[in-house]
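Breakdown of the fold
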Amino acid sequence: MKKSFVFILSLMFIFIAGCGSASNLTIKLSTPKTFTSGKIYAMQFSVVDKQGNPVEGAKVSAELNMKNMDHGTTPVAVKEIGDGKYIGTANIAMNGDWMATIKVEQDGKIVEDEKQFTVEAKTLANAHKATKEVTLPEFKLMDQNGISVTKQDFLGKTVVLTFTYVNCIDPNACPILLGNFSHLQQDLKSKRSKTDNLLLVSISLDPENDKPEIMKEHAKKMNFDLSYLKMLTGDKKQIQNLANTLGEHYEKRGSEVLHDNKTFIFNGDGRLTHEFTGSIIDRDELYQDVVFKLEE
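Here's what I pulled together on the structure shown here. (Residues numbered from 1 in each chain as written. Predicted model: local features only at pLDDT ≥ 70, side-chain atom pairs only at ≥ 80, totals over all residues. Heavy atoms only, no water.)

**Focus on the nonpolar core**
The test is simple: Here, nonpolar core means buried Ala, Val, Leu, Ile, Met, Phe, Trp, Tyr and Cys residues that are tied together by side-chain atoms lying within 4.5 Å of each other. Burial classes: relative accessible area under 20% of the type maximum marks a residue as buried, over 50% as exposed, and values in between as partly exposed (1.4 Å probe, protein chains only). A run of H or I in DSSP counts as a helix once it spans at least four residues, and a run of E counts as a strand once it spans at least two, with each numbered from the N terminus. In this analysis, two residues are considered to be in contact whenever any of their non-hydrogen atoms come within 4.5 Å of each other.
In this structure, Phe154, Leu161, Phe163, Val201, Ile203, Leu232 and Phe266 are the most contacted members of the largest nonpolar core, which totals 26 residues. Of all the elements in the fold, those that place two or more residues in this core are strand E12 (158-164), strand E13 (198-204), helix H4 (236-246) and strand E17 (262-266). The leading source of residues in this core is H4, at four residues. Every residue in contact with Phe154, bar those within four places of it in the chain, is listed here: Leu136, Phe139, Val149, Val159, Leu161, Leu199, Val201 and Leu232. The next biggest cluster of nonpolar side chains, apart from the first, holds 25 residues, and it includes Phe35, Leu64, Val76 and Ala90.

**Points about the packing of helix H2 (residues 174-190) against helix H5 (residues 283-295)**
Quick note on the threshold: In this analysis an axis means a line fitted to C-alpha atoms, helices contributing only their contacting stretch, and an angle means the value between N-to-C directions, from 0 to 180 degrees. Two helices that cross are described as forming a left-handed crossing if the nearer one is turned anticlockwise from the farther one by less than a right angle, and a right-handed crossing if clockwise.
One way to put it is that H2 packs onto H5 with a least axis distance of 10 Å and a crossing angle of 65°. As for how H2 packs across H5, the hand of that crossing is right-handed. Along its contact with H2, which presents Asn180, His183, Leu184, Gln186, Asp187 and Leu188, the element H5 presents Arg283, Leu286, Tyr287, Val290 and Val291.

**Here's the deal with the sheet that holds E12**
What links the strands of a sheet is backbone hydrogen bonding, and the strands pair in either a parallel or an antiparallel sense. For clarity, the cut-off: The pairing criterion is simple: DSSP has to find at least two bridges between the two strands.
One open sheet accounts for five strands, arranged E14-E13-E12-E17-E18; its pairing is mixed. At either end of the open sheet lies a strand with only one pairing partner, and these are strand E14 (229-232) and strand E18 (272-277). Taking the axes of each pair of neighbouring strands and ignoring which way they run, one obtains an average angle of 20° across the sheet. Pairing of E12 with E17, which is carried by four bridges, proceeds in the antiparallel orientation. Looking at E17, one finds that Val159 is bridged to Phe266. Those strands touched by helix H3 (residues 212-221) are E13 and E14, and its axis lies near 140° from that of E14.

**Section: the pattern of salt bridges**
Note the following rule: Each salt bridge in this description consists of a side-chain nitrogen of Lys or Arg and a carboxyl oxygen of Asp or Glu lying within 4 Å of one another.
One pass over the structure, following the stated rule, counts eleven salt bridges. As a salt-bridge pair, Lys252 and Glu208 come within 3.8 Å of each other at their nearest N and O atoms. Remark: Glu208 occurs in the loop between E13 and H3 and Lys252 occurs in strand E15 (residues 250-253); sequence separation between them is 44 residues. On the accessibility criterion, Lys252 (35% relative accessible area) is partly exposed. You can call Glu208 partly exposed: its relative accessible area is 36%. Ionic contacts of the salt-bridge type, sharing partners, join the residues Asp206, Glu208, Lys236 and Lys252 into one network.

**Some points on the pairing of E13**
We count it as follows: Looking down the strands as they point away from you, a crossover is right-handed if its path from the first strand over the helix to the second goes clockwise.
Where burial is concerned, most of E13 is hidden: seven out of the seven residues are buried. Every second residue of E13 is oriented toward a common face, with Leu198, Leu200, Ser202 and Ser204 on one face and Leu199, Val201 and Ile203 on the other, all of them buried. Handedness of the β-α-β unit built from E12, H2 and E13 comes out right-handed. As judged from the four bridges shared by E13 and E14, these two strands associate in the parallel manner. Considered in E14, the bridge of Ser202 is made with Met231. Considered for its hand, the β-α-β crossover made up of E13, H3 and E14 is right-handed.

**Here we look at H4**
Keep this limit in mind: When we speak of the arc, we mean the arc of directions from the helix axis to the C-beta atoms.
Inspection of H4 places Ile239, Leu242, Ala243 and Leu246 among the buried residues, and these make up the whole buried set. Viewed end-on, H4 has its buried residues packed into an arc of 95°, placing them on one side of the element. Looking at the packing, one finds that the buried side of H4 touches strand E10 (140-142), E12, E13, E15 and E17. Just past H4, the residue Gly247 takes up positive phi, approximately 75°.

**Some points on H2**
The cut-off we apply is this: Residue count minus one, scaled by 1.5 Å, sets the expected span of a helix.
With 17 residues, H2 ought to run about 24 Å at 1.5 Å a step, and its terminal C-alpha atoms sit 24 Å apart, in line with that. Listed in full, the buried residues belonging to H2 are Cys174, Leu177, Leu178, Gly179, Asn180, Phe181, Ser182, Leu184, Gln185, Asp187 and Leu188.

**Here we look at the environment of Gln185**
Formally: As used in this structure description, the phrase polar contact means that two N or O atoms lie within 3.5 Å; if the pair is within protein, one of them must be able to donate a hydrogen and the other to accept it, and residues adjacent in sequence are counted only when both atoms belong to side chains.
Here Gln185 lies in helix H2. C-alpha of Gln185 to C-alpha of Thr162: the two residues are 23 residues apart in sequence and 15 Å apart in space. In this structure, Gln185 is in contact with Leu200, Phe224, Asp225, Tyr228 and Leu229, ignoring residues within four places of it in sequence. A distance of 2.8 Å separates a polar atom in the side chain of Gln185 from the backbone nitrogen of Asp225.

Put into structure tokens, the structure is as follows:
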């Protein structure tokens, strides 16, 4: 993945606007729920064939219109990023319901489809708030010291959680996700924020290789304050259940694990309150969201 797409991808909020099919192709649109005036609004188009295989090398174009309103057409610039995925960027300046008209050209054939999505201006009140009711399931894993950790250890705390693995080869994924934790710890320390009721958690997506001692060494290399940070590993089924509950999709291919780049915040009851999609997170926003939860 080219570095030029990293910022764009960090804006992704996975909201499925629906799947449409025509001919032998199916088009899926994922859009952020909010926009910031004057900044790029990014969306993702996924194209698959009738067997469900990603369609690469297609020419994808799109334009946006406000639904039931005549404000003209907003052009979308589209670039391919691989694996049947195409990133579109546009300038959106209004709240409301939008219609995306999408055209896919491949092998001399043209497929057109329309997708509807709703977007609103980003504010402190709505930024990254969870749009689904999710509660942490029961689980039993091990931390970097080999000590058992269950859901009960999370209750009563604000928990910031992500999924990574030690031997991650994508510089735009796990290193940045863990870097967000590092920045958060730095900001909490410099601003003298209390961390008594805070827990940062990274769950391994490669538990066969990520043994407790390996994860402990990795945490030391990251210079983490381990007094309120845990790197968890353990039974694959337990991890899969956690990932499925949170909508964290991953797939192991050889030594590499392809996975979503997400970060989750839970309240003291184990209920999901915020979800960040994309490896790069606005440092101030993460800090403010965490401190807000701690002060509730």
